[in-house]
Amino acid sequence: MKNLLWLLIILGVLAFLGGAVMAFTGKHLVLTPQGYWRGAMGFWMLAATLKLVSAEK
C-alpha cells in the first residue's frame, strides 16, 4: 500500500511538472497544461484519501 501511495505521488509530480513545462514553452503534446494539472491533483487527492483510509485501520 505504501508503494502505491508513493507511485501516485510521483505520478502527480510528473504530471504537474509536465503541465508546467508545457505552459511556459507553449508546446502541447497530448493535453493542454490544465489537463496535466488536473491529473496531478487527482493523483494527489487519491493518494491522500488512501493514506487516510489506511491510517484508520
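Refer to the structure presented above.
Residues numbered from 1 in each chain as written. Predicted model: local features only at pLDDT ≥ 70, side-chain atom pairs only at ≥ 80, totals over all residues. Heavy atoms only, no water.

Regarding the overall build of the protein
Cut-off, in case you're wondering: Each helix is a run of DSSP H or I of at least 4 residues and each strand a run of E of at least 2, with the numbering of both proceeding from the N terminus. Here the globule rule is a power law, 2.2 Å times the number of residues to the power 0.38, and the radius of gyration is based on C-alpha atoms. Exposure is judged per residue with a 1.4 Å probe applied to protein chains only, and the accessible area is read against the type maximum: over 50% gives exposed, under 20% gives buried, and values in between give partly exposed. Contact definition: two residues touch when any of their heavy atoms are within 4.5 Å. The Shrake-Rupley method, run with a 1.4 Å probe sphere, supplies the accessible areas, and residue values consider only the shown protein chains as cover.
Within the protein one finds 2 helices and 0 strands. On C-alpha atoms alone, the protein measures out to a radius of gyration of 13 Å, which is more than a quarter above the 10 Å that the 2.2 N^0.38 rule sets for 57 residues. Considering only C-alpha atoms, the protein reaches an extent of 45 × 15 × 15 Å along its principal axes. When the 57 residues of the protein are sorted by exposure, 19% land in the buried category. Residue pairs at least 24 apart in sequence account for 56% of intrachain contacts in the protein once pairs closer than 6 positions are excluded. Here the protein displays about 4,400 Å² of accessible surface, and carbon together with sulfur accounts for 74% of that area.

Some words on the environment of Phe 16
Looking at the secondary structure, you find Phe 16 in helix α1 (residues 2-25). Here the alpha-carbon distance between Phe 16 and Leu 31, two residues 15 residues apart in the chain, equals 12 Å. Leaving out residues up to four positions away in the same chain, Phe 16 has contacts with Tyr 36, Trp 37, Ala 40 and Trp 44.

Geometric descriptors of this kind do not, in isolation, establish any biological role.
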